[in-house]
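What follows is the residue order along each chain.
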Amino acid sequence: MSPLDMDPYQKSLEDVDAALKRLNATLASYKMSSTTKPAVPDSSNTQRPVSTSAPKARTTQKVKTEAKEIPVKPTPVPKRDAAPKTKVVPQANGNGNHHAAPIPSPALPPKPIQPSNGHVVPAIPSTVAPDNDRSHVESISEHPQARPGRLWQEVLQVRFCDRSSNEIMLHGPGLAEMKKAGQEADLEDIERLLEDITSMHETFAHGIYDGYVIPSRIVLSQKYLQLGYPDLAAGEAYKALMLCDSVRDSADIYHGDVVAQLHQLIPQIPLVERIRQLKLDVEGEKAPPTSRAPGEDMDVEVDVWCRYHYLPWAYRLLSASLMFCACLKSACYYARMGMENLEKSMEGQRDSWLDDVITGCHSAVQQIQHPEYVVLPGDEKNFPELGMVRREVYPWNEWEPDRLEELPEINAMMAEVAPKLEVRATELPALAVYDDEDDEEIPMCTQLGVFAKEDIAPGEIILSETSVLTANNKLQDSLCDACNADLPALDSPAASEVRECDQCETVFCNAACLEKAEATYHRATCGNDLDVLLRDVPPEEAAESLYTLLLMRAIAMADVQDCHPLELDEVRYIWGDFIDEPWQDFVAPKFSHESRVDPDEHDKAHGDIVRTLPWSFEHNVRLPIQILERMEIDPFGETNYDLWVCNTLFAKFRGTASARLSGQKGSGTRARGPEVSAVHPMWCLANHSCDPNVTWEWGTNIELKVRGEGVQWHGKGEEGGVRLKREGGIKKGEEILNHYCDIELPVRERREWASGALGGDCQCERCVWEERHEVGAGGEDSEEGSNDDDGSDEQ
Ligand SMILES: C[S@@+](CC[C@H](N)C(=O)[O-])C[C@H]1O[C@@H](n2cnc3c(N)ncnc32)[C@H](O)[C@@H]1O
């Protein structure tokens, strides 16, 4: 067959193969000559790029120090008896080239991708099933998975610097600004970005190792950033950084997979560029390769592409995204790491992005004027770390149910715990978007509420629910791990009922709780030391860590029950106080120098969308990834636990999880923040009022009890010298009104307490009246509340 008869694709493959062979020969000769040069240090030289480990030690595998790596925990041996699902848990392997036998993903038809030329081309196909040894990969024609499609081209084009001129390129190919940066965005741009994000999620979910392709993570991070999700962008950039880190460390659990993916990707980059990069590396002696084993020609390239293109992008995206999310301490930390890395690799070259991030963070700190929060301008280690991000049903979230359509299912669940109650749609003030300074009418929204199906007498318990979606941050085993009830005293008769897991000694209040735990979550957490991540935290972090512990339990439940975490009964019907703003109002973020250095511009990186979800790098990125790793769930390959899923879970837990101080009642000990928390999915459908008709109590079960009588408050008026109040008991059709705060407090304190759960200041009749009258009376609210509420609990 003459070359003219050949299919042009086949022809180009052969050309590339021939060129590769020539390249290998050239490389071999370079290597021969370079071994004679004493100036080229070996892989243990001081040029080894700094570890990207987060401010705290990263994974369960090892703690890295500057001088040496100290193994602290052997690779956990798989211990679950349940068959693995679609996930593949990477195994530590020493040489980095062998995988645990992967269970292939179910064969899903790939989604067609619309390329820019308008022709429908096949979707990015999944990577072919890996062979056991991929270190020999040298020829692109052996790897027919070269992927067509615009998106894959973007992945292939990720570049950071032009190494021939030693200059930093102004923009990576994926970070072209939207057509109308700084203005209402072009809907076509948005649609394209959303399609791309969804396609990438699908690729990560169904391609066996696609989650390990570093530039794919970078492109996804860039796309999130363009759509005003710097929180999600930070998550992807952090993952890219972890993967880059693993490339340089052959003992890292991800090393084999990441290197294998780069072996497959790099041959798809134009040969002329590959050769230029390699020649610069070999001739330049600027930054000798670090992770190459003898005879591994391809690893030279892997190292070069990682170090000069992927790693700098990961640092840029991570530090800038964290700054946009007001996590200033970690933004500075990663910007400085990025600078250090770049200076080593590129002879003192500086990156304006990273410089801007440092400037932007310092300016932001100077703007913070809080009497209780004083940070010295240069004290980066104490910069603030908590921001707010968008709280929404993400456009690609297919798990959120239409609760109005699924009312029959919800009511079937309600009937099991509260036979006299039913769930219905109701109109509520939309507090999260209401600004009472404006004095405008409060916008209303349709949500769910709980109603009586019949007349109910005072004192009756109308709902009794248990849940294993619980958490406590006490290190001592004084609570049942499943229901979080206090364990009986050792000398009490009930002590004989207490049970222990025979593998890990976790304690349960009785055999039923042990059984329930085993069936619903315990296998995922048994013996993997998850407690140490989050328990016994300082009081100021207690509430935050409880939400993360709830997240951990939800992940364990989904893993053991083999479902998506957003599908869990305990989670599915919970409303996360999402704010769905129309995309028409979205303002395309700018990525200019000004938008980075000026803190007033940082908010605009969120697309001018209302933000109500508290967010921190530690609790929303680093800890969730650590939790997954400890549960032996692959954070790169298992997309059910993506960081957007974690954000959605956090949104659902905030405002619905009940919390209490365990064992504090009358104990006389100093309060140290909430220690126990739980999500009861039916209980939390009842709305709040500061004049409630029920009280609640939480021990083993959570219970709603009908009040004997209502709260006495001035606004109810008087009749014949007697103050009026709500009658005891509940009439058929009446709404069940719970309370999310201590109703004996004055209005301002009640509002402050409940605002986290309500999304804003309570506007119930009592609050509105008391606020109005308090103002006239110099803020005094001397009214006495009913004692019917036990006041011991909080939500
Ligand atoms: C625990 S859930 C209650 C059930 C919720 N309505 C639903 O549809 O799932 C708490 C959320 O309900 C809404 N909510 C409850 N009580 C409210 C009130 N008095 N005023 C305004 N919104 C209320 C807030 O959006 C709050 O975040």
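Residues numbered from 1 in each chain as written. Predicted model: local features only at pLDDT ≥ 70, side-chain atom pairs only at ≥ 80, totals over all residues. Heavy atoms only, no water.

## Some points on unusual backbone geometry
Rules: Counting from the N terminus, the helices are DSSP H or I runs at least four residues long and the strands are E runs at least two residues long. The rule is simple: take the accessible area with a 1.4 Å probe, protein chains only, and divide by the maximum for that residue type; under 20% is buried, over 50% is exposed, in between is partly exposed.
Despite not being glycine, glutamate 505 has its phi angle at roughly 65°, a positive value. For glutamate 505, the position within the fold is in the loop between β10 (499–500) and β11 (507–508). Given the relative accessible area of 54%, glutamate 505 is considered exposed. A positive phi is found at aspartate 577, a non-glycine position, where the angle reads about 50°. Among the structural elements, aspartate 577 can be located in the loop between α16 (569–572) and α17 (593–597).

## Overview of the packing of aromatic side chains
The following threshold applies: For Phe, Tyr and Trp, rings pair up if their centres lie within 6.5 Å, where Trp contributes its six-membered ring, and each pair is then called stacked (planes under 30 degrees apart), edge-to-face (over 60) or tilted (otherwise). Criterion for a charge above a ring: Arg CZ or Lys NZ at most 6 Å from the ring centre, at most 35 degrees from the ring normal.
Under the counting rule described, the total for this entry stands at 19 aromatic pairs. Between the aromatic rings of tyrosine 229 and tyrosine 394, the centroid separation amounts to 5.6 Å while the plane-to-plane angle is 65°, which identifies the pairing as edge-to-face. In this pair, tyrosine 229 is assigned in the loop between α4 (214–226) and α5 (230–247) and tyrosine 394 in the loop between β5 (387–390) and α11 (407–417), connecting sequence segments 165 residues apart. When sorted by exposure, tyrosine 229 lands in the same class as tyrosine 394, which is buried. Ring-pair connections join several aromatic residues into one group, and the members of that group are Tyr224, Tyr229, Tyr394, Trp396, Trp583, Phe586 and Trp644. Directly above the aromatic system of tryptophan 313 lies the positively charged group of arginine 316, at a separation of 5.1 Å from the ring centroid.

## A short note on the sheet that holds strand β13 (residues 658–660)
Selection rule: Strands are labelled as partners when DSSP assigns at least two bridges between them. Axis lines are fitted through C-alpha atoms, for helices just across the contact stretch, and the angle between N-to-C directions can take any value from 0 to 180 degrees. In this analysis, two residues are considered to be in contact whenever any of their non-hydrogen atoms come within 4.5 Å of each other.
Spatial strand order, β9-β14-β13: 3 strands in an open sheet with antiparallel pairing. With one partner strand each, in any of the chains shown, β9 (470–472) and β13 form the two edges of the open sheet. For this sheet, the mean angle separating the axes of adjacent strands, direction not counted, is 15°. Two strands pair when backbone bridges link them, and β9 and strand β14 (residues 676–678) are joined in this way by 3 bridges, in the antiparallel orientation. Looking at β14, one finds that threonine 470 is bridged to alanine 678. Relative to the sheet, helix α15 (residues 542–561) contacts β9 and β14, its axis offset from that of β9 by approximately 135°.

## Some thoughts on the site of the ligand
Here is the rule: The nearness test applies per residue and asks whether one of its heavy atoms lies within 4 Å of the molecule or strand. Under the rule applied, a polar contact is a pair of N or O atoms within 3.5 Å (in protein, one hydrogen donor and one hydrogen acceptor; residues adjacent in sequence only if both atoms are side-chain atoms). For accessible areas, the Shrake-Rupley method is used with a probe of radius 1.4 Å. Any residue's cover is judged against the shown protein chains and nothing else.
With respect to spatial proximity, 18 residues lie near the ligand, and among them Arg403, Gln447, Leu448, Asp577 and Asn687 are the closest. The contact in question runs from a nitrogen atom of the ligand to an N or O atom on the backbone of histidine 688, over 2.8 Å. In this structure, an oxygen atom belonging to the ligand sits 2.9 Å away from a main-chain N or O atom of alanine 757. Alone, the ligand offers 560 Å² of accessible surface; in the complex the protein occludes 96% of this. Mapped by element, the contributors of at least two residues to the shell around the ligand are β6 (421–429), β7 (444–452), β15 (687–688) and α21 (747–758).

## Digging into the side chain of arginine 596
Mapping arginine 596 onto the fold places it in helix α17. Those residues in contact with arginine 596 that sit more than four places away from it in its chain are Met323, Phe324, Trp353, Asp356, Gly360, Phe591 and His602.

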